[in-house]
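# Fold and geometry: a report
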Amino acid sequence: MKRDKVKAAETVSVEQKPKKRRKHKKAPIIIAVIVILLVVVKLVSCSGAGAAEPVVTTTLPFRGDLQDSVSTSGTVESETMKVIYAPASGTIGTVNAEAGEAVKAGELLIGYDMEEMERTLRQSELQLQRSTAGYEGVYAQNADNLAKLNEANLNLKVLNQQLADYEAYLTNLQNNLEKSQRDTSNALAAENYNLTEKLKTLTPGSDEYNQVSSQLSRNNYLQQIASSSDYVAETQAEIARVQKEIANCEAYKAKMETQKSTGEAGILSSYDKTQQEVDRELADMSYSEAEEEYIRAKAGITAEFDGIITESSAVPGAGVTRGMQLMTLESSENIKVSFNASKYDVEKLKVGQKAQITISGRVYEGEVSKIDRMAVRNESNTPMVGAEIHILNADDEIILGMDAKILIYTDKTENALLIPVEAINADKDGDFLYVAENGVVVRKPIVCGISTDSYTEVLEGITEQDAIILTSSVNLEEGMAVTVIPDLTSGSAGEDKMPISISVGQ
């Protein structure tokens, strides 16, 4: 049976290089006519003698170049796409490009309403100034409170010591005055007598003797001043002065205690400091962000590369927030054609293969740049593999989204032994040919190389001299006797290899 051939989606191209025939010579035609007449004579003679042999048409293999290809269609797309987002929050002032328009690199696409941006920046600046002033004021007050607290603590320490000293001194004054005002004459006289008698019993220079002698001297001094009115007046005046100093110290102490309490209450806690730091940092961040947004808005949105605006939602006067999608820019220089390949075509495809792309009647050169590693089933549940072709000589005439015809040059062989596809048969053992040898059918297994819709490369199994059977009036079997008619229309034979011989079966 004939071998089933897997066809490409579209027609394929074949390059063949048979030897050129001499032009303006009628010898081959005359020979062909003679051959046909001989065949007719043979058939007539055979019919008179008995059953006629089957008639077969043969051709000879020939040398040529074979270029296999895949023909399909795809969609023109950009290889580089940039989704444009709003760089700052604000109001759109101008929109200079709409969907479908071509733009150049550096061209202003969208401009902001800068008056509004300036107001926003000024508000943030004033807020920062207010926050900074408040922060510095709070910390200045905190420093003042801390200084007053330290002053109060130091003064209170000194005052407490002064009060203790004044009170001890006052107590001593009061005790001396009270003692001096007693009627101590008799008591002191009696005590002095006893002390005098005791001295008589003690050893002069001993510690006890010295102590008794000192006590006796003090008693004598007290006896002298007890009767002095000046001492009483002076002591009472001193007591009054000390009491006044104590009052002054008490009043100043109360003031320092109040100052201490106020200072302690006005000192910032760790939580207060954290809050002040956070508030100031937030105000600073808010201003910095507003300043950055102002700078970005002032620069506007420009095209990063030459391309085409394929989507746009930007409208003058519309408010936008940073990060909002506004446009899509696709490159007009880096262009590809995307297509889906069947499981038969994808076997032939390789990255780097050359291709010819036709878009709107214009032809471009391309190169296979990508073949997906995953198949996706289409609406007919057929697995298809996505692939891409990079256009090498893209120009401004290309319109994105258009359909494109694709011809991909896959395998190629040069000076190969070629035969027509229809001559090949196949069974469970593989490919084979029927060859006419001396008017008898011979089966020859072959090994095929690359193939197109018309021709197949034969790697093993035949030579250029084999008369390959193309068609037959009956089902052929090896060893069958046949009448051979050369195929004079294929043009596959060389000048010296016109298949004109006729083999008569036995």
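Treat the numbers as computed from the prediction; the structure is a model and nothing was measured.

Now for the overall build of the protein chain. What the protein chain contains, in helices and strands, is seven helices and 22 strands. Expressed as a percentage of the 506 residues in the protein chain, the buried residues total 37%. Restricting the contact set of the protein chain to residue pairs at least 6 apart, pairs at least 24 apart contribute 78%.

Right, let's talk about the confidence of the model for the protein chain for a bit. Reading predicted coordinates in detail is not appropriate for stretches of low pLDDT. On average, residues of the protein chain score 83 in pLDDT, and 83% of them are at 70 or above. Every residue in residues 43-50 scores below 50 in pLDDT, and together they form four contacts with partners more than four places removed in sequence or on other chains. Counting contacts from residues 491-506, a segment whose pLDDT is below 50, to residues more than four positions away or on other chains yields 48 contacts.

The strand order across the open sheet built from four strands is 3-10-8-5, with neighbouring strands paired in antiparallel fashion. In the strand order of this sheet, the two ends are held by strand 3 (81-85) and strand 5 (102-103), each with one partner. Here strand 5 runs beside strand 8 (residues 307-312); their pairing, made up of two bridges, is antiparallel. Looking across to strand 8, one finds that Val103 is bridged to Gly307.

Moving on to the side chain of Asn142. Considering the arrangement of structural elements, one finds Asn142 in helix 2 (residues 114-181). Taking the relative accessible area as the measure of exposure, Asn142 reaches 9% and is therefore buried. Once residues lying within four places of it in the same chain are set aside, the contact partners of Asn142 are Gly266, Ile267 and Leu268.

Moving on to unusual backbone geometry. Note on backbone geometry: most residues besides glycine have negative phi, and most peptide bonds are trans. Its identity as a non-glycine residue notwithstanding, Ser360 has a phi of 50°, on the positive side. For Ser360, the position within the fold is in the loop between strand 12 (354-359) and strand 13 (362-377). For Ser360, a relative accessible area of 52% translates into the label exposed. If you check the backbone angles, Asn381 has positive phi at about 65° while not being a glycine. Mapped onto the fold, Asn381 is located in the loop between strand 13 and strand 14 (383-391).

Moving on: the pairing of strand 6 (residues 108-112). Burial of strand 6 is extensive: four of the five residues sit out of reach of the surface. By the bridge criterion, two bridges tie strand 6 to strand 7 (residues 301-302) in an arrangement that is antiparallel. Bridge pairing links Ile110 to Ile301 in strand 7.

Once that is clear, we can look at the nonpolar core. Judged by nonpolar contacts, the single largest core of 28 residues is most densely connected at Leu109 and Ile110. Taken together, the elements giving at least two residues each to this core come down to strand 4 (90-95), strand 6, helix 2, helix 6 (270-299) and strand 10 (325-331). Broken down by element, the residue count for this core peaks at five residues, all from helix 6. Every residue in contact with Leu109, bar those within four places of it in the chain, is listed here: Ile84, Thr94, Val95, Asn96, Ala97, Val103, Ile301, Thr302, Ala303, Ile309 and Met327.

Looking now at a nonpolar patch on the surface. Side chains of Val278, Leu282 and Met285 sit close together on the surface and give an oily, nonpolar patch of about 270 Å² of accessible area. Assignment of secondary structure puts Val278 in helix 6.

Once that is clear, we can look at the pattern of salt bridges. For the structure on display, the rule yields 19 salt bridges. For Arg362, the salt bridge is made with Asp395, and the minimal N-O distance between the two is 3.2 Å. Taken together, the positions of Arg362 in strand 13 and Asp395 in the loop between strand 14 and strand 15 (403-420) put the pair 33 residues apart, joining distant regions of the chain. When its relative accessible area of 40% is taken as the criterion, Arg362 is described as partly exposed.

Let us now look at the environment of Glu118. On the secondary structure map, Glu118 appears in helix 2. Distance from Glu118 to Tyr294, taken between C-alpha atoms, is 7.2 Å for residues 176 residues apart in sequence.

Let's shift gears to the environment of Asp144. With respect to the helices and strands, the residue Asp144 is situated in helix 2. Between the C-alpha atom of Asp144 and that of Ile267, which follows or precedes it by 123 residues, the distance is 8.9 Å.

Inspection of every chain in the model, using the stated rule, returns three aromatic pairs. Measuring from centroid to centroid gives 4.6 Å for Tyr135 and Tyr139, while their planes differ by 40°, and the two rings are tilted. Here Tyr139 and Tyr135 lie together in helix 2, a separation of four residues that amounts to about one turn.

Across the sheet, which stays open at both edges, the four strands sit in the order 7-6-4-9 with antiparallel pairing between neighbours. Of all the strands in the sheet, just strand 7 and strand 9 (319-320) have a single pairing partner and so form its edges.

As a further point, take the pairing of strand 8. Of the strand pairs in this sheet, strand 8 and strand 10 are connected by five bridges, and their pairing is antiparallel. By the bridge assignment, Ile308 is partnered in strand 10 with Glu330.

Let's shift gears to the environment of Gln67. Along the chain, the position of Gln67 falls in strand 2 (residues 62-78). By relative accessible area, which is 7% here, Gln67 ends up buried. Sequence separation between Gln67 and Thr413 is 346 residues, and the spatial gap between their C-alpha atoms is 6.6 Å. Of the polar contacts made by the side chain of Gln67, one reaches the backbone oxygen of Asp411; its length is 3.2 Å.

Criteria and thresholds
- Along each chain, numbering runs from 1 in the same order as the chain's sequence is written.
- Local features in a predicted model are, by the rule used here, given only for residues with pLDDT of at least 70; side-chain atom pairs are given and counted only at 80 or more, and totals for whole chains, interfaces and linings are based on all residues.
- Just so you know, side-chain values use all the structure's heavy atoms and leave hydrogens and water out.
- Every helix listed is a DSSP run of H or I at least four residues long, and every strand listed is a run of E at least two residues long, numbered separately from the N terminus.
- Under the scheme applied here, a residue whose accessible area is under 20% of the maximum for its type counts as buried, over 50% as exposed, and between as partly exposed, the area being computed with a 1.4 Å probe on protein chains only.
- Note on contacts: a residue pair qualifies if any of its non-hydrogen atoms lie within 4.5 Å across the two residues.
- A score from 0 to 100, pLDDT tells how confident the predictor is in each residue.
- Being paired, for any two strands, means DSSP has found at least two bridges between them.
- Only buried residues count toward a nonpolar core. Its members are Ala, Val, Leu, Ile, Met, Phe, Trp, Tyr and Cys residues joined through side-chain atoms within 4.5 Å.
- Patch membership needs two things, relative accessible area over 30% and no salt bridge, and members are linked within 9 Å if like-charged or within 5 Å if nonpolar (Val, Leu, Ile, Met, Phe, Trp, Tyr).
- Here the Shrake-Rupley method, with its probe set to 1.4 Å, supplies the accessible areas, and only the displayed protein chains count as covering residues.
- One side-chain nitrogen of Lys or Arg within 4 Å of one carboxyl oxygen of Asp or Glu is enough to make a salt bridge.
- Working definition: a ring pair exists when centres of Phe, Tyr or Trp rings (six-membered ring for Trp) sit within 6.5 Å. Plane angles under 30 degrees give stacked, over 60 give edge-to-face, the rest tilted.
- Polar contact is defined as a pair of N or O atoms within 3.5 Å, subject to the rule that within protein one atom must be able to donate a hydrogen and the other to accept it, and that residues adjacent in sequence are counted only when both atoms are side-chain atoms.

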